[in-house]
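The chain contents come next:
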Amino acid sequence: MTSLESIRLSSLKSIGAKREQAFGNAGFHSVLDLLLHYPTRYIDRSTIVSIEEATDYADSGFQGELTIIAQVLTSTIRYGKRGRMLLVRFGDSSGEFSCLWFNGIKFFEKKFHSGDTYAISGKPILDSKGELSFSHPDLDFLSAEDSGAFYNTGKIIPFYSIPPEIREMNLGDNSFRRLIHSVVEQYADQFEETLSDEICSKHKLLPISQTIRELHFPSSQENLLQAGRRAAFEEIFYYELLLAMKKNSRICLEEGDALLPDPNILSSFIHSLPFTITQSQKKVIDDILKDIGTATPMNRLLQGDVGSGKTVVAVVALLAAVSSGYQGVLVAPTEVLASQHYHRINQLFETFAVITGKKTPTVSLLTGSISKKEKTARKSAIEQTETDIVIGTHALFEENVVFNKLGLVVVDEQHRFGVMQRLRVITKGKHPHVLIMSATPIPRTLSMMLYGDLDISIINELPKGRKPVSTSLFAHEKQHTLFKRVAEKSKEGIQSFIVYPLVEESDKIQLKAAVTEYERLIQSELKDIPTGLLHGAMKWKEKEEIMRKFAAKELMVLVSTTVIEVGVDIPDAGIIIIMEAQRFGLAQLHQLRGRVGRSSLQAFCVLVTSDKIISQSKGITTDVRLIPQARRERYKSAIRLATMVNSSDGFFIAEQDFVLRGPGDIFSTKQSGMPEFRHIDFIKDTQLIYEAKTSAFSLVESDPQLMSQPLLKHHITLRFKNELTLSGIA
């Protein structure tokens, strides 16, 4: 592979100095870069239908996508109810059809010339005259050379994503394809194998050189599938190999301190709680105590739905660290959440002290909004071990925050912190035990793959007496009746959240902002109701005072932005109204809904949206996987809201969100340290993921240093230097 990296593109016949510079600007610096730039899609003759067949599909109510090869007949600008549009007529030997464009007309009207051949892909519909039509379909231009090969041989044609810098050098689809073909023919066999013969044989994988050839220029659909399988296996195998090495390194090389708390203190604290912990919480606490009781640093992920009681588990763990003579730290993503943790934990310890008469830990809050003088004093107390538990935000990452005896790090809402941020806290101690918590459920099969190096605990039951939040859709044209209902419930002692997606009005997105609507509501429907306003642009002291008043029921309604999304715990809040709900993602909607339903009273979540989306959501199945892809894309907002109405299970919602959005959107690779997976399909490739993970972990277990696998060791060192550097971070 190293030799291919050293071969410059200027050595290729069709690339001179100017083109080489353009390729470099687009990220292509060597022959290797071109070999690894795989097609984004393919056109296969076996998947093509004629116009006559496509018409029959559309007439039968087909909801999927079809591809037709046809020639341009005419291209005209028309004017209709939706304004200016481009209408292009295409034809083949079986008939004609139309394609319509309402956007990007200036670009598309220059694109079509009579006699040009295109592959048109999209959802077929029949217009008012019963004729076949496509709206904004995907297009691929087929040259005479492509068309001839396609029709005469049934050849599978690859299509590549071509950066604008390269297109500007007069390299279109056909020219770029020819360039890649020459590179594959000349260099594919020089590509060094990246998996051992043993692994390839065991998992029935194609050799790497054949994989590259088939991914670029497939000889058949079966071979393309096998090449894709090899590529998918390799990227997940190496990721799992990294995780296995990371876990083994922690177990064998890192030595922390065993925490041996007084069991009587922990038992007394648990019995002093104003509620009974669940069996699920008890099991997780036992797992944590077992982990921290050894010198091998704990690295545990705690997942639990909103309101499941993760914070109490974290407090028990922190108390265990203090009881063992060590300090503990709890990192929260927002000042609102950090402050709430601080006050809540102090309340629990005060009750504990009153009931048992025992001395309680000293707890300190460290956030960016604290005055410089106070921050200096608190940092000094931390360094002098006068503070037992520190709760804070990003302020904890500062270099001058020094712990004398850090034994446990708890990271709340861990996905909101980057890898390097987590590292800054963890390295403040001598291999401290680490507990990371997430209230954003991850699909079960995916969490086992992505966090294979962690021990995973799941709180899968809600506290006794909790009822699922009743969720419904409501048209924003009738919202005044909704606000009147909020006013009535406020007089009965029930508090409400009203959440808006923006802080200020936007000319481009006509949404009701929290600030604007707050001013209107306190003069109209909520005139006689104590109402507060909370948004991210407010100063910290203002936010803290508003939350204090709301918690004390001095305010009955809180108009807010998504600053309340995570962790805000107001037991008497029984109603949450989410305005313009279609603007939020599924995970965010579920988190917001979790702000209510934290007592034994029935709580309500009202998703306010348009009549059109409400109508679209009716009859939508509860399982997104049963909905055709084209329909998912078209009705994505309605599907999200229907999912919220139909389910309160955070893990099920996470599965649905994953299907709708895919891993690329759910995991920010730069933020989380996740690699970019280009070949694996996390929904369809479950068995392949399991095979790769099992193989990788078994290999590291039997050969931690990969001494028997020099090929794997070479490539993991060569390709994953950064990942190996960060291999000790959860």
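Residues numbered from 1 in each chain as written. Predicted model: local features only at pLDDT ≥ 70, side-chain atom pairs only at ≥ 80, totals over all residues. Heavy atoms only, no water.

K.L.:
Break down the overall build of the protein chain for me, with residues and values.
P.N.:
Scanning the protein chain from terminus to terminus reveals 31 helices and 22 strands. For the protein chain, the residues scored as buried account for 52% of the 730 residues in total. For the protein chain, contacts bridging at least 24 residues in sequence account for 73% of all contacts bridging at least 6. Total accessible area on the protein chain is roughly 33600 Å²; 50% of this is exposed by carbon and sulfur atoms. (Helix = DSSP H or I, 4+ residues; strand = E, 2+ residues; numbered from the N terminus. Buried < 20%, exposed > 50% of the residue type's maximum accessible area, 1.4 Å probe, protein only. Contact = heavy atoms within 4.5 Å. Areas by Shrake-Rupley, 256 points an atom, 1.4 Å probe, with all protein chains shown as cover.)

K.L.:
Tell me about the sheet that holds strand 15 (residues 433-438), and name the residues and values.
P.N.:
Strand order in the open sheet formed by 7 strands is 12-13-11-14-15-10-16, with parallel pairing between adjacent strands. The open sheet has two free edges, formed respectively by strand 12 (363-366) and strand 16 (455-459), since each of these has just one partner strand. On average, adjacent strands in this sheet sit at an angle of 20° to one another, irrespective of strand direction. Two strands pair when backbone bridges link them, and strand 10 (residues 299-304) and strand 15 are joined in this way by 5 bridges, in the parallel orientation. When the sheet's bridge partners are listed, Asn299 is paired in strand 15 with Val434. In the packing of helix 15 (residues 335-356) onto the sheet, contacts are made with strand 11 (327-331), strand 12 and strand 13 (389-392), and the angle to strand 12 comes to roughly 170°. Against the sheet, helix 16 (residues 372-383) touches strand 11, strand 12 and strand 13, its axis set at about 135° to strand 12. (Pairing = 2+ DSSP bridges. Axes fitted to C-alpha atoms, helices over the stretch in contact; angles between N-to-C directions.)

K.L.:
An account of the sheet that holds strand 22 (residues 604-609) is requested, with residue identities and associated values reported.
P.N.:
Spatial ordering of the open sheet is given by 17-22-21-18-20-19, a layout of 6 strands whose pairing is parallel. Every other strand in the sheet has two partners, leaving strand 17 (470-475) and strand 19 (531-534) as the edge strands with one partner each. Between one strand and the next, the sheet's axes are offset by a mean angle of 20°, whatever the strand orientation. Two elements, strand 19 and strand 20 (residues 557-560), share 4 bridges in a ladder whose sense is parallel. Within the sheet, the bridge partner assigned to Gly532 lies in strand 20 and is Leu558.

K.L.:
Break down helix 2 (residues 17-25) for me, citing the residues and quoting the values.
P.N.:
The complete set of buried residues in helix 2 reads Glu20, Ala22, Phe23 and Gly24. Considering only its buried residues, helix 2 is in contact with helix 3 (31-35), helix 7 (164-167) and helix 8 (173-187).

K.L.:
Go over helix 16, please, and point to the residues and values.
P.N.:
In an α-helix there are 3.6 residues to a turn, and that puts residues three or four apart on one side. For helix 16, with 12 residues, the first-to-last C-alpha span of 16 Å sits near the 16 Å given by 1.5 Å per residue. Buried within helix 16 are the following residues: Lys375, Lys379, Ala381 and Ile382. Projected onto a plane normal to the axis of helix 16, the buried residues spread over an arc of 160° and lie on a single side. Where the residues of helix 16 are buried, they touch strand 11, strand 12 and strand 13. (Expected span 1.5 Å × (residues − 1). Arc of directions from axis to C-beta.)

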